[in-house]
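Here is how the chains run, residue by residue.
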Amino acid sequence: MDPGPAGAAGPAEPGPGVRGAGPAAPASSLAVAAVLPAGGSGERMGVPTPKQFCRVLERPLISYTLQALERVCWIKDIVVSVTRENMEVMKDIIQKYQHERVSLVEAGVTRHRSIFNGLKALAEDQPDSKLSKPEVVIIHDAVRPFVEEDMLLKVATAAKEHGCSDYDLEFGTECLQLALKYCHVKAKLVEGSPDLWKVTYKRDLYAAESIIKERISQHICIVMDTKEDEEHVGHHLEEMLKNELNHVKVTSGPLCHAGRDLQQIILEQCYSFVCVNVMTSEFEETKKLVNMLKESHLSVLYPVIVISVHFLDYKSVHFDHKMENLMQIRELAKEVKERNILLCGLLIYYPQDERKLQDSLRQGATVITTLIKERNSAFIGQLLVA
Ligand SMILES: Nc1ccn([C@@H]2O[C@H](COP(=O)(O)OP(=O)(O)OP(=O)(O)O)[C@@H](O)[C@H]2O)c(=O)n1
Ligand SMILES: O=C(CO)[C@H](O)[C@H](O)COP(=O)(O)O
């Protein structure tokens, strides 16, 4: 959405999507639709792919914007204007990322014409059209992926309630003047949030990526292969992780609990899992966890990271044997990468000396934190040592 006039709304936050949650719908069930102009070529980006189709964490940018709008349950229809040559690309995106309530129209040669084509589709009321005529249309650039529901609500409500003030006409955008001059429509300027910025240059794609990475790293689930025991080395690691990851929500417990509660953990938008294997050098627990994640389809929208943590205790298992087992991580990681699950291994040295053990655990916690925050695909299938 544009950062301004009523009837034009800014882009929504690409938070992982519980669809339809959030603020209440506009008063008296206002019929709201959205038009996303996505017919530009992205000249300033300087790459052959139009910026709306450029990938951020392997997913096209426009998919994040669609996700932000479609999770707002009171937006009944979303019309996207795309060029004829990109129509199939757009259809594939809708199918792959399971977008809902989205219709496509052909873009025009200018942004305003692309918007106009979207508005016509909503206004036409054709008998075979699945679109219903709305009272308010939110116009939102396809390349503004971060828009919150409360901002959309403010814009939709303002479009319904407000007239155009002298202040807005004096200091508002050109669009306000145009609306009044040509449509005799009174407009209201709604202050946007800093999140409403537009992806314009290549560096903006990196900025968008780091914002998304930060958002999906806010919740971590730690799975243990043993029962709860305060003195357990896994719990010491958990405490260290909690120290490293200030403000991050940590859910922990044995896999049997996580298994039971996994649906809830997924609903809570957890994209980071640490599987702590103290009892064995096998990957059985990690495999079970990965299978559950595969079944959940959690990784359709965002990469899910799984860190399989093991301990190097020379006393209990022969080193060669342990390493042989652990190297299986490569194959397993390759297999699950196809499903957008990023699997890495971490071997933590487990000395008898208490102080040295604390050092190892601290280093382990730092490596885990970095892997979660960075989600760097170079580490997939690697067995790191702390
Ligand atoms: N004929 C056009 C031109 C632009 N847009 C859309 O309008 C939004 C904002 O425009 P802008 O940032 O200027 O995009 P581009 O025109 O693609 O970029 P550039 O100006 O760098 O070429 C984008 O979502 C873009 O796809 C559109 O739907 N139809
Ligand atoms: O970045 C944009 C287009 O490139 C903005 O979205 C645009 O400037 C807002 O325009 P309008 O006044 O037409 O709503």
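It should be emphasised that the depicted structure is a prediction, and the values quoted were computed from it without experimental measurement.

### Digging into the site of ligand 1
Neighbouring ligand 1 are 19 residues, the closest being Gly39, Gly42, Glu43, Ser114 and Lys198. One of the backbone nitrogen or oxygen atoms of Val109 is found 3.2 Å away from a nitrogen atom of ligand 1. Its free accessible area being 560 Å², ligand 1 has 87% of it covered by the protein chains.

### What to know about the domain arrangement of the protein chain
Accessible area lost upon the coming together of the parts is a frequently used measure of interface size. Here the protein chain is partitioned into domain 1 (27-212) and domain 2 (217-385). Between domain 1 and domain 2, the residue contacts involve eight residues of the former and four residues of the latter. For the pair domain 1 and domain 2, the summed buried area comes to about 610 Å², and 58% of that belongs to carbon and sulfur atoms. At the boundary of domain 1 with domain 2, the tally comes to zero salt bridges. The tally of links between domain 1 and domain 2 comes to two residue pairs in polar contact (both at pLDDT 80 or more).

### A short note on the state of the cysteines
Scanning the model with the defined rule gives zero disulfides in all. As a non-bridged cysteine, Cys221 has Cys270 as the owner of its nearest cysteine sulfur, 5.3 Å distant. Owing to a relative accessible area of 2%, Cys221 belongs among the buried residues under this scheme.

### A few points about the sheet that holds strand β6 (residues 136-139)
Pairing in this open sheet of four strands is parallel, and the strands run β5-β4-β1-β6 from one edge to the other. In this open sheet, the two strands that pair with only one neighbour each are β5 (102-106) and β6. Each strand of the sheet is rotated relative to its neighbour by a mean of 25°, with strand direction disregarded. When strand β1 (residues 32-37) meets strand β4 (residues 75-82), the two strands line up parallel, connected through six bridges. The partner of Ala34 across the bridge, within β4, is Ile78.

### Section: unusual backbone geometry
A positive phi angle, close to 70°, is found at Glu58, a residue other than glycine. Even without being a glycine, Gln269 presents a positive backbone phi close to 65°. Structurally, the position occupied by Gln269 is in the loop between α9 (255-267) and β9 (272-277).

### Overview of the packing of aromatic side chains
Here the structure, examined in full by the defined rule, presents four aromatic pairs. A centroid spacing of 5.1 Å and a plane angle of 70° characterise the contact between Tyr271 and Tyr302, whose relative ring orientation is edge-to-face. Highlighted residues: Tyr271 in the loop between α9 and β9 and Tyr302 in the loop between α10 (284-296) and β10 (304-312), separated in sequence by 31 residues. Here the two residues Tyr271 and Tyr302 agree in accessibility, since each one is buried. Here the guanidinium or amino end of Arg59 rests over the ring plane of Tyr64, the centre of that ring lying 3.9 Å away.

### Quick word on the confidence of the model for the protein chain
Averaged over every residue, the pLDDT of the protein chain is 85; the share at 70 or more is 85%. Overall, residues 3-21 carries pLDDT values under 50, and its contacts beyond four positions in sequence, including any with other chains, amount to 96 contacts. Taken together, the chains of this predicted complex give a pTM of 0.88 and an interface ipTM of 0.96.

The rules behind each value
- Residues numbered from 1 in each chain as written.
- Chains lettered and ligands numbered in written order.
- Predicted model: local features only at pLDDT ≥ 70, side-chain atom pairs only at ≥ 80, totals over all residues.
- Heavy atoms only, no water.
- Near = heavy atom within 4 Å.
- Polar contact = N/O pair within 3.5 Å; in protein donor to acceptor, adjacent residues only side chain to side chain.
- Areas by Shrake-Rupley, 256 points an atom, 1.4 Å probe, with all protein chains shown as cover.
- Domains from an automatic or database assignment.
- Contact = heavy atoms within 4.5 Å.
- Buried area = accessible area lost by both parts, 1.4 Å probe.
- Salt bridge = Lys/Arg side-chain N within 4 Å of Asp/Glu carboxyl O.
- Disulfide = S-S within 2.5 Å.
- Buried < 20%, exposed > 50% of the residue type's maximum accessible area, 1.4 Å probe, protein only.
- Pairing = 2+ DSSP bridges.
- Helix = DSSP H or I, 4+ residues; strand = E, 2+ residues; numbered from the N terminus.
- Axes fitted to C-alpha atoms, helices over the stretch in contact; angles between N-to-C directions.
- Phe/Tyr/Trp six-rings, centres within 6.5 Å; stacked < 30°, edge-to-face > 60°.
- Lys NZ or Arg CZ within 6 Å of the ring centre and 35° of its normal.
- pLDDT = per-residue confidence, 0-100.

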